[in-house]
Amino acid sequence: MPAVQETVEQVRAIDVDQYKYGFSTEIEMELAPKGLSEDIVRYISARKNEPAWMLEWRLDAYRRWLTMREPEWARVDYPQIDFQDMYYYAAPKSNAAPQSLDEIDPAILETYKKLGIPLREQEILAGVAPEKRIAVDAVFDSVSVVTTFKEELRKSGVIFCSISEALQEHPELVRQYIGSVVPTTDNFYATLNAAVFSDGSFVYIPPDVRCPMELSTYFRINEQKTGQFERTLIIADKGSYVSYLEGCTAPMRDENQLHAAVVELIAHDDAEIKYSTVQNWFPGDAEGKGGIYNFVTKRGDCRGARSKISWTQVETGSAITWKYPSCILRGDDSQGEFYSIAVSNGAQQVDSGTKMIHLGKNTRSRIISKGISAGRSQNTYRGLVSAHRRATNAKNFTNCDSLLIGNACGAHTVPYIESKTASAVFEHEATTSKVSEDQMFYCMQRGLTQEEAIALIVNGFVKDVLQQLPMEFMVEAQKLIAISLEGSVG
Amino acid sequence: MSLLEIKNLTAKLAEEDKQILNGLNLTVEKGQVAAIMGPNGSGKSTLSYVLAGREDYEVTGGEALLDGENILELDPDERAAKGLFLAFQYPIEIPGVGQMTFLKAAINAQRRKNGLDEIATPEFIKLVNGRAKELGISQDMLRRSVNVGFSGGEKKRNEILQMALLQPKLAILDETDSGLDIDALKIVADGVNAMRSPDRGFVVITHYQRLLDYIKPDVVHVLSAGRIIKTGGPELALELEAKGYADIVGKAA
Ligand SMILES: Nc1ncnc2c1ncn2[C@@H]1O[C@H](COP(=O)(O)OP(=O)(O)OP(=O)(O)O)[C@@H](O)[C@H]1O
Ligand SMILES: [Mg+2]
């Protein structure tokens, strides 16, 4: 309960339309020339000193991308994006491969501090029990500025670093896995990402290792007119376990900025990956001006037998969200999970969901999606569950609940089901409800303000999913949801 | 000063031109239990909603003073914090919100508004467990979501639990007896009686003498067509039970 209280206090502390992370940092940046061309792709690759095969891979993707068209099937509406009118690479000037935090521009450290992400290990260590420690990879515009606890993790054989660094230090691992889950030809945005991705995180967990701490990446867009294209690759080798969290914020601007990320997860035999996202990109103002276009491809491959991949997402930000974290259940007895809370307010548009592709025998998947729409927003759940001929005894359970606040918003559920085996059992439940006047009045009669009442009712609605988040982030997510719904009633 | 003073109150549906309260006058003194009886559709629940500040109704005239202060301009939560409690005729379900969470949120919301510190968790748990036991509310019910899957009688008892925790100045009980079995009726009545005190008042809306056997009213009012048309002592309720409303309503009209 204190969380609800805190939420409300935080809601009170800010004005309507006041996005808490909306500040920008004044810092000298190195920008690639505006626009996109083969030269830009070469420029990015050269800046990162990449091996030749990587450049070829990028160029392939770029050429392919030129022949592709933007997807139009999602229930989102936005003006044509001018891909020549943005920067594809923006890096802090000072960041010539810093060896320690002391070499990082203090303005950047200050930025992360303001965002509540301490990067100094001493600060993190102070008063935090070892099992509660979180290692952070901080990505600022196009580059990773620092990764904490690298050495400590190395002791257990865990590799956690930026993908640029991984390309230098472990090129064979990157080469083996990159594009193996989301091929460069996958879709318009994933292909664009393959051509121009500038950084992101890389994780490798060796066989039978349980990663000793929570890993996380914190994405920050700062520079104007810049797209962020990060690429994350996580490999859990046989019998290993890792829990990973990503967070995202951006300054308030009245332009739209593009974020087109790719995340690939690979779980080998008996491995488990738990991937959580708290997405709070700037959503634009109440009129729908500005905000991030969040066009993201996330996919996990349960490559090994008995492997498990679990996606949990709390999506509150972005002007437009187009995102379907999916699982390919390739290994026999593998499991996929998708837990989602998608909140939309103001003029936000969300089209999000998942794909559970059952290929192996006895594979199981579970989808719990909670959509909350307020203001004039549109919130769509789009999900596919499919079973291959070989996928005998595949099981899926899907539950999609939508909650409407007010009369001007919309909630939509678009489930696709394809089964090629008679032994598959797919269950689907869906409900749509409204925060009723009765509920509001009942709560207020007991003394809760309108905002407290909404926060309480909504927290009740999303509880099952919130519980899937790592403890430390549950309260944070709860607050975020309430703040996102600020001004949604009355 | 009276605890509650309603003067010439008129109210209509906010969305329609339907007048429901037609110049209602009613006074409740501190320490008093006032029963309100009246035919179906006469406006009893509407009166309780209007006092509690429900937006579906628009006050078109008159005033309602709680401890001398007109409350009709206040938001529902402010009225609650000033000590007005309504036990609903039909309590509302809130899926996913645990009872304990809800109760604590309510207590703390009121405390904050009254400039008090939040209740400490151990104290809160002790308090709830104590009251729940008195009202025959099981631990299982306390673990569930607010009113979700509760039987009619359980919902009513749950309203009384909330009242006992919030300790209001003025409690309006809207047909709290309906749906209660004989034992539960006694338990609820005991709960109310235990809370009777010289500075607290109750408005008990009911159709049946049975409840008034357990909760002895000081006065009985008859509400018909949006007005109080008759006021008397406890014997008035017995008279109504015997003869029905036709007589009184006829005379008033
Ligand atoms: N929200 C509403 N919409 C439409 N009509 C309403 C509404 N609220 C009350 N009414 C009407 O106003 C009148 C008074 O209703 P109210 O519920 O106050 O009666 P009551 O005295 O509590 O009746 P009962 O003894 O059956 O509980 C009824 O005719 C009812 O239909
Ligand atoms: Mg009624």
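On a predicted model such as this, the values are computed, not experimentally measured, just so you know.

Engineer: If you had to explain the overall build of chain A to someone new, which residues and values would you point to?
Structural biologist: The helix and strand inventory of chain A stands at 12 helices and 23 strands. The burial tally for chain A puts 64% of its 490 residues in the buried class. Across chain A, the fraction of contacts at a sequence separation of at least 24, relative to all contacts at a separation of at least 6, is 84%. Carbon and sulfur atoms form 48% of the exposed surface of chain A, whose accessible area is close to 18100 Å².

Engineer: Break down the sheet that holds strand β11 (residues 219-224) of chain B for me, citing the residues and quoting the values.
Structural biologist: Residue and element names in this part refer to chain B. If you walk across this open sheet you meet the 6 strands as β6-β9-β10-β3-β11-β12, and the pairing is mixed. Either end of the sheet is taken by a strand with one partner, and the two such strands are β6 (84-87) and β12 (227-232). For this sheet, the mean angle separating the axes of adjacent strands, direction not counted, is 20 degrees. In this structure, strand β9 (residues 170-174) lies alongside strand β10 (residues 201-205), joined through 5 bridges in parallel fashion. By the bridge assignment for β10, L173 is matched with V204. Against the sheet, helix α6 (residues 152-166) engages β6, β9 and β10, with an angle of about 165 degrees to β6.

Engineer: With reference to specific residues and values, describe the coordination of the magnesium ion (ligand 2).
Structural biologist: All names here are of chain B. For the magnesium ion (ligand 2), the full set of protein donor atoms is S45 (OG) and Q89 (OE1), at a range of 2.0 to 2.2 Å. With S45 in helix α1 (residues 44-52) and Q89 in the loop between β6 and β7 (94-98), this pair connects stretches of sequence that are 44 residues apart. In terms of burial, S45 and Q89 fall into one category: buried.

Engineer: Describe the packing of aromatic side chains, with residues and values.
Structural biologist: Evaluation of the coordinates by the stated rule reveals 25 aromatic pairs over all chains. With a centroid separation of 5.4 Å and an interplanar angle of 80 degrees, the aromatic rings of W65 of chain A and F83 of chain A are classed as edge-to-face. Of this pair, W65 of chain A sits in helix α3 (residues 52-66) while F83 of chain A sits in the loop between α3 and β2 (90-92), and the two are 18 residues apart along the sequence. Among the aromatic residues, those joined into a cluster by ring pairs are Y62, W65, W73, Y78, F83, F188, Y189, Y293, F295, W322 and Y324 of chain A. Its guanidinium or amino end placed over the ring of Y49 of chain B, R54 of chain B lies 5.3 Å from that ring's centre, counting from NZ or CZ.

Engineer: Please give an account of empty space enclosed by the protein that cites residues and values.
Structural biologist: Summary: where empty space remains is shown by rolling a probe the size of a single water molecule over the atoms. Residues and elements named next belong to chain A. Inspection of the entire model under this criterion finds 4 cavities of 30 Å³ or more. Empty space within the largest cavity amounts to approximately 110 Å³. As for the largest cavity, its lining consists of 18 residues, of which S369, G371, N379, T380 and Y381 are closest to the centre. Contributions of two or more residues to the lining of the largest cavity are made by β17 (335-344), β18 (349-358), β19 (364-373), β20 (378-387), β21 (395-404) and β22 (410-419). Residue composition of the lining of the largest cavity, by class: 5 nonpolar, 12 polar and 1 charged. The space that makes up the second largest cavity amounts to roughly 50 Å³. Along the walls of the second largest cavity sit 13 residues, with E246, H259, N294, V296 and K298 positioned nearest its centre. When residues of the lining of the second largest cavity are traced back to their parent elements, those giving at least two are β9 (241-249), β12 (272-279) and β13 (291-302). Of all the elements, β13 adds the most residues to the lining of the second largest cavity, at 3 residues. Looking at side-chain class alone, the lining of the second largest cavity contains 4 nonpolar, 4 polar and 5 charged residues.

Engineer: I'd like a description of the pairing of strand β16 (residues 326-329) of chain A, backed by residues and values.
Structural biologist: Residue and element names in this part refer to chain A. The two faces of β16 match: S326 and I328 on one face and C327 and L329 on the other face are all buried. With 4 bridges connecting them, β13 and β16 associate as parallel partners. Paired with D301 across the strands is I328, a residue of β16. In the sheet, β16 pairs with β18 via 3 bridges, with the strands oriented parallel. If you follow C327 over to β18, its bridge partner there is M356.

Engineer: Tell me what's going on with the nonpolar core, and back it up with residues and numbers.
Structural biologist: Nonpolar side chains in soluble globular proteins tend to end up buried together. Core analysis: the largest hydrophobic core is formed by 104 residues, its most contacted members being I372 of chain A together with L47 of chain B. When residues of this core are assigned to their parent elements, the largest contribution, 9 residues, is made by helix α11 (residues 450-466) of chain A. Here I372 of chain A is in contact with I341, A342, V343, S344, N379, L403, I405, V458, F461, V462 and L485 of chain A, once residues within four sequence places are set aside. In this structure, V76, I104, A138 and A319 of chain A belong to the second largest nonpolar core, which totals 72 residues.

Engineer: Got a sec to walk through the side chain of T363 of chain A? Specific residues and values, please.
Structural biologist: Residue and element names in this part refer to chain A. Within the fold, T363 resides in the loop between β18 and β19. Polar side-chain contacts of T363 include one of 3.0 Å to the backbone oxygen of G360. In contact with T363, other than residues within four places in its own chain, are L329, G331, D333, S334, H358, N393, A394 and K395.

Engineer: Can you break down the confidence of the model for chain A residue by residue, with the values?
Structural biologist: Detail in the predicted coordinates should be disregarded across regions flagged by low pLDDT. Considering every residue of chain A, the mean pLDDT works out to 86; 89% of them sit at 70 or more. The low-confidence segment residues 7-17 of chain A, where pLDDT is below 50, has 20 contacts with residues more than four positions distant or belonging to other chains.

Engineer: Requested: an account of α3 of chain A, with residues and values cited.
Structural biologist: Along an α-helix, residues three or four apart share an orientation, since each turn contains 3.6 residues. Residues and elements named next belong to chain A. Look at α3: 21 Å from first C-alpha to last across 15 residues, which is about the 21 Å you get at 1.5 Å a residue. Burial in α3 covers these residues: W53, M54, L55, W57, R58, L59, A61, Y62 and W65. Contacts made by the buried residues of α3 are with α2 (38-47), α7 (163-169), α8 (171-177), α9 (188-196) and β8 (231-236).

Engineer: Describe the pattern of salt bridges, and please don't skip the residues or the numbers.
Structural biologist: Tallied over the entire structure, the rule returns 34 salt bridges over all chains. For D301 of chain A, the salt bridge identified is with R330 of chain A, shortest N-O distance 3.2 Å. Highlighted residues: D301 of chain A in strand β13 and R330 of chain A in the loop between β16 and β17, separated in sequence by 29 residues. A salt bridge links D438 of chain A to R54 of chain B, with the shortest nitrogen-to-oxygen separation between them at 2.6 Å. One end of the pair, D438 of chain A, is in helix α10 (residues 437-445); the other, R54 of chain B, is in the loop between α1 and β4 (57-66), on a second chain. Among the ionic contacts, a cluster of salt bridges with common partners joins E38, R42 and R63 of chain A.

Engineer: Residues and numbers for the state of the cysteines, please.
Structural biologist: All names here are of chain A. Enumeration according to the criterion identifies 0 disulfides over all chains in this entry. The closest cysteine sulfur to the non-disulfide-bonded C327 is located on C302, 5.5 Å from its own sulfur. For C327, a relative accessible area of 0% translates into the label buried. With no disulfide of its own, C400 has C327 as its nearest cysteine by sulfur position, at a separation of 15 Å. Assessed through its relative accessible area of 1%, C400 is described here as buried.

Engineer: Tell me about the site of ligand 1, residues and numbers included.
Structural biologist: Residue and element names in this part refer to chain B. Taken together, the neighbourhood of ligand 1 is formed by 15 residues, with G41, K44, S45, T46 and Y57 sitting nearest. The separation between an oxygen atom of ligand 1 and a polar main-chain atom of G41 is 2.9 Å. Within the side chain of T46, one N or O atom sits 2.5 Å away from an oxygen atom of ligand 1. When the free accessible area of ligand 1 is taken as 640 Å², the share hidden by the protein chains comes to 67%.

Rules and cut-offs
Within each chain, residues carry numbers counting from 1 in the order of the written sequence. Starting at A for chains and at 1 for ligands, labels are handed out in the order in which the entities are written. With pLDDT at 70 or above as the cut-off, local features in this predicted model cover only qualifying residues; side-chain atom pairs require 80 or more to be listed or tallied, and sums for whole chains, interfaces and linings still use all residues. Working from all heavy atoms in the structure, the side-chain values ignore hydrogens and water. A run of DSSP states H or I qualifies as a helix once it reaches four residues; a run of E qualifies as a strand once it reaches two. Both are numbered from the N-terminal end. Summary of the burial criterion: residues with accessible area below 20% of their type's maximum are buried, those above 50% are exposed, and those between are partly exposed, where the area comes from a 1.4 Å probe applied to protein chains only. Here, two residues are considered to be in contact whenever any of their heavy atoms come within 4.5 Å of each other. Here the Shrake-Rupley method, with its probe set to 1.4 Å, supplies the accessible areas, and only the displayed protein chains count as covering residues. At least two bridges found by DSSP between two strands are what make those strands a pair. Note on definitions: angles span 0 to 180 degrees between N-to-C directions of axes, and those axes are lines fitted to C-alpha atoms, for helices only across the stretch in contact. As a rule, N, O and S atoms within 2.8 Å of a metal are its donors, except that Na, K and Ca use 3.2 Å; water is not among the atoms, so sites may look incomplete. By convention, a stacked pair of Phe, Tyr or Trp rings (six-membered ring in the case of Trp) has centres within 6.5 Å and planes under 30 degrees apart, an edge-to-face pair has planes over 60 apart, and any other such pair is tilted. A ring has a charge above it when a Lys NZ or an Arg CZ is no more than 6 Å from the ring centre and no more than 35 degrees off the ring normal. Here the term cavity refers to a set of points on a 1 Å grid, laid over the protein atoms alone, in which a 1.4 Å probe fits but cannot get out; the term pocket refers to an open set having protein on both sides within 12 Å along at least five of seven lines, with lining residues being those that place an atom within 4 Å of a point. Grid points are joined across faces, edges and corners, and a volume is the space filled by probe spheres set on the points. Each residue is assigned to one class: nonpolar for Ala, Val, Leu, Ile, Met, Phe, Trp, Tyr, Cys and Pro, charged for Asp, Glu, Lys and Arg, and polar for all the others, Gly among them. The nonpolar core is taken to be a set of buried Ala, Val, Leu, Ile, Met, Phe, Trp, Tyr and Cys residues, with the residues joined through side-chain atoms within 4.5 Å. Think of a polar contact as two N or O atoms within 3.5 Å of one another; within protein, one of them needs to be a possible hydrogen donor and the other a possible acceptor, and neighboring residues in sequence only count if both atoms come from side chains. As a per-residue measure, pLDDT tells how confident the predictor is, with possible values from 0 to 100. The span one expects for a helix is its residue count, reduced by one, times 1.5 Å. Any carboxyl oxygen of Asp or Glu that lies within 4 Å of a side-chain nitrogen of Lys or Arg is treated as forming a salt bridge with it. Cysteine sulfur pairs qualify as disulfides if the two atoms are within 2.5 Å. Being near a molecule or strand, for a residue, comes down to having at least one heavy atom within 4 Å of it.

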